[in-house]
Amino acid sequence: MTDERAPGLVLHSPGGTRFHFDPGTLCLELLPTGGPGPYARYEVLHRPSDLADWAGRSRLALPPGAVRITDGQLTAVRALRDALWRLTAARAAHGPAAGDPADYAVLNRAAARPPLAPQIAPDGTPAPPLPGDGDQLASAVARDAIALFTGPHADRVRECGADDCRLLFVDTSRPGRRRWCSMERCGNRHKVRALRARRGQPEE
């Protein structure tokens, strides 16, 4: 069983517009589910089933029933997500050495647990992992974050260049000049504004 979708998530802007957002890695796909401080109003992980649904829509593409998640595990994943928000935002603003040691501790504790067990299909393609639980799902996300923060793209963690967008991504493009969370949304909005500015038209 394979999944042919492009990696990333389908998100909705405050105005209700759907757009594709690929942050470049699994751990950063968790961030749009909510977060600390002002991001708490975007919370969507209210029940264990919400986290299972995210796991199906993420680049893990887990089928229904692949993870068993308790209320306590959901709380732990939300704490991991909040720590990842702070660490990723700090790195985007200040570079790879930034971040609170307490947040790194949260990340390391999650990664210390066994991750989801990968599987391979007879045709050589990836298959859904063995059934696991919320702790294993958190470990998979945390290990992915550690690989990002210590890997070749550690200095390419970015915040979207739009003034009113805080989505975070890793720039895996060869030239390393990605500016926008999504060309469908913020990239196109920038092009429209630049065109209006050249024509002397006011913004709507």
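Once a new chain begins, its residue numbering starts again from 1 and follows that chain's sequence as written. The predicted origin of the model limits local features to residues at a pLDDT of at least 70 and limits the giving and counting of side-chain atom pairs to 80 or more, whereas totals for whole chains, interfaces and linings rest on all residues. Calculation of side-chain values draws on the structure's entire complement of heavy atoms; hydrogens and water are dropped beforehand.

Focus: the packing of aromatic side chains
Note on aromatic contacts: the rings of Phe and Tyr and the six-membered ring of Trp form a pair at centre separations within 6.5 Å, being stacked when their planes are under 30 degrees apart, edge-to-face when over 60 apart, and tilted otherwise. This structure, assessed with the given rule, holds one aromatic pair. With a centroid separation of 4.2 Å and an interplanar angle of 5 degrees, the aromatic rings of Tyr39 and Trp85 are classed as stacked. Remark: Trp85 occurs in helix H3 (residues 71–94) and Tyr39 occurs in the loop between helix H1 (26–29) and helix H2 (48–57); sequence separation between them is 46 residues. Numbering of helices and strands runs from the N terminus, with a helix taken as a DSSP run of H or I at least four residues long and a strand as a DSSP run of E at least two residues long.

Observations concerning helix H5 (residues 134–150)
With 17 residues, H5 extends 24 Å from end C-alpha to end C-alpha; this agrees with the ideal 24 Å at 1.5 Å per step. Listing the buried residues of H5 in full gives Gly134, Gln136, Leu137, Ala138, Ser139, Ala140, Val141, Ala142, Ala145, Leu148 and Phe149. You can read the cap of H5 off the contacts: a side-chain oxygen lies 3.1 Å from the backbone nitrogen of Asp135, and it is on Asp133. In a helix, the anticipated span is given by 1.5 Å times the number of residues less one. For every residue, the accessible area (1.4 Å probe, protein chains only) is compared with the maximum for its type, and the residue is labelled buried under 20%, exposed over 50%, or partly exposed between those bounds. We define a polar contact as two N or O atoms separated by no more than 3.5 Å, with the added condition that, inside protein, one atom must be a possible hydrogen donor and the other a possible acceptor, whereas residues neighbouring each other in sequence contribute only through side-chain atom pairs.

Looking at the pattern of salt bridges
Criterion for a salt bridge: a side-chain nitrogen of Lys or Arg within 4 Å of a carboxyl oxygen of Asp or Glu. For the structure on display, the rule yields ten salt bridges. A salt bridge links Asp22 to Arg59, with the nearest nitrogen and oxygen atoms 3.1 Å apart. Separated by 37 residues along the polypeptide, Asp22 in the loop between strand S2 (18–21) and H1 and Arg59 in the loop between H2 and strand S3 (67–68) bring together distant segments of the chain. Looking at Asp22, the relative accessible area reads 22%, which means it is partly exposed. Given a relative accessible area of 30%, Arg59 falls into the partly exposed group.

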